[in-house]
Amino acid sequence: MQHIDWQDFQKVDIRVGTIIAVDDFPEARRPAYKLQIDLGADLGVKKSSAQITDLYRPETLIGKQVLAVVNFPAKQIGPIMSECLVTGLHRDDGSVVLATVDLPLPNGARLA
């Protein structure tokens, strides 16, 4: 494991956002969804993609609050420009569990 110092960690801007739209992403190399995430008044709605089709269905994702890194540069992923990175953790079988909050927070709340 590589250690980082506190100043490095503070550079990563992780915010709470609410998934407001989910579409299939058939152009992706691996099964994925296209997401629209409301990150609050300051950041607005950002697009992302997520390889979470093993454990989640679109209808269960709407309204779910997730943790997203918002200060990576935008990245072209197939036909969409990903504007944030939705965070998750891999299970032993390779499926991804989204990193979420356990109580409601305002969109845009920053990881402290």
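Residues numbered from 1 in each chain as written. Predicted model: local features only at pLDDT ≥ 70, side-chain atom pairs only at ≥ 80, totals over all residues. Heavy atoms only, no water.

A word on a nonpolar patch on the surface
Part 1 of the argument: A cluster of nonpolar side chains, Ile-4, Trp-6, Phe-9 and Leu-111, forms an exposed patch at the surface whose accessible area comes to about 400 Å².
Part 2 of the argument: If you trace the backbone, Phe-9 turns up in helix H1 (residues 6–10).
Part 3 of the argument: For Phe-9, a relative accessible area of 31% gives the class partly exposed. (Patch = residues over 30% accessible without salt bridge, like charges linked within 9 Å, V, L, I, M, F, W, Y side chains within 5 Å. Areas by Shrake-Rupley, 256 points an atom, 1.4 Å probe, with all protein chains shown as cover. Salt bridge = Lys/Arg side-chain N within 4 Å of Asp/Glu carboxyl O. Helix = DSSP H or I, 4+ residues; strand = E, 2+ residues; numbered from the N terminus. Buried < 20%, exposed > 50% of the residue type's maximum accessible area, 1.4 Å probe, protein only.)

Remarks on the sheet that holds strand S2 (residues 33–38)
Part 1 of the argument: Here we have 5 strands laid out as an open sheet, ordered S3-S2-S1-S4-S7, and antiparallel in their pairing. Bordering the open sheet on either side are strand S3 (45–50) and strand S7 (85–86), each of which pairs with just one other strand. (Pairing = 2+ DSSP bridges.)

Concerning the layout of surface pockets
Part 1 of the argument: When its volume is computed, the largest pocket comes out at roughly 630 Å³.
Part 2 of the argument: Looking at the largest pocket, it is lined by 27 residues, and the ones nearest its centre are Ser-49, Ala-50, Gln-51, Ile-77 and Leu-85.
Part 3 of the argument: Counting residues per element, the ones that place at least two in the lining of the largest pocket are S3, strand S5 (75–77), S7, strand S8 (88–90) and strand S9 (96–98).
Part 4 of the argument: For the lining of the largest pocket, the per-class residue count stands at 14 nonpolar, 8 polar and 5 charged. (1 Å grid on protein atoms, 1.4 Å probe; cavity = no way out; pocket = protein on both sides within 12 Å on 5 of 7 lines; lining within 4 Å. Points joined across faces, edges and corners; volume = space filled by probe spheres on them. Nonpolar A, V, L, I, M, F, W, Y, C, P; charged D, E, K, R; others polar.)

What about the packing of aromatic side chains?
Part 1 of the argument: Scanning the entire structure with this criterion turns up 1 aromatic pair.
Part 2 of the argument: Consider the rings of Trp-6 and Phe-9, whose centres lie 5.3 Å apart with planes at 40 degrees: the pair is tilted. In this pair, Trp-6 and Phe-9 are both assigned in helix H1, 3 residues apart and thus about one turn of the helix distant. (Phe/Tyr/Trp six-rings, centres within 6.5 Å; stacked < 30°, edge-to-face > 60°.)

Looking at the environment of Pro-104
Part 1 of the argument: Secondary-structure assignment places Pro-104 in the segment after S9.
Part 2 of the argument: For Pro-104, a relative accessible area of 73% puts it in the exposed group.

Here we look at the pattern of salt bridges
Part 1 of the argument: Under the defined criterion, the tally for this structure stands at 4 salt bridges.
Part 2 of the argument: Of the charged contacts in the structure, one is a salt bridge between Arg-110 and Asp-13, with a shortest N-O distance of 2.9 Å. Separated by 97 residues along the polypeptide, Arg-110 in the segment after S9 and Asp-13 in the loop between H1 and strand S1 (14–24) bring together distant segments of the chain.
Part 3 of the argument: Accessibility expressed as a relative area gives 44% for Arg-110, which makes it partly exposed.
Part 4 of the argument: Relative accessible area serves as the criterion here: at 13%, Asp-13 is assigned to the buried category.
Part 5 of the argument: Residues participating in the shared-partner salt-bridge network are Asp-13, Arg-15 and Arg-110.

None of the figures reported here should be taken as evidence of function without further support.
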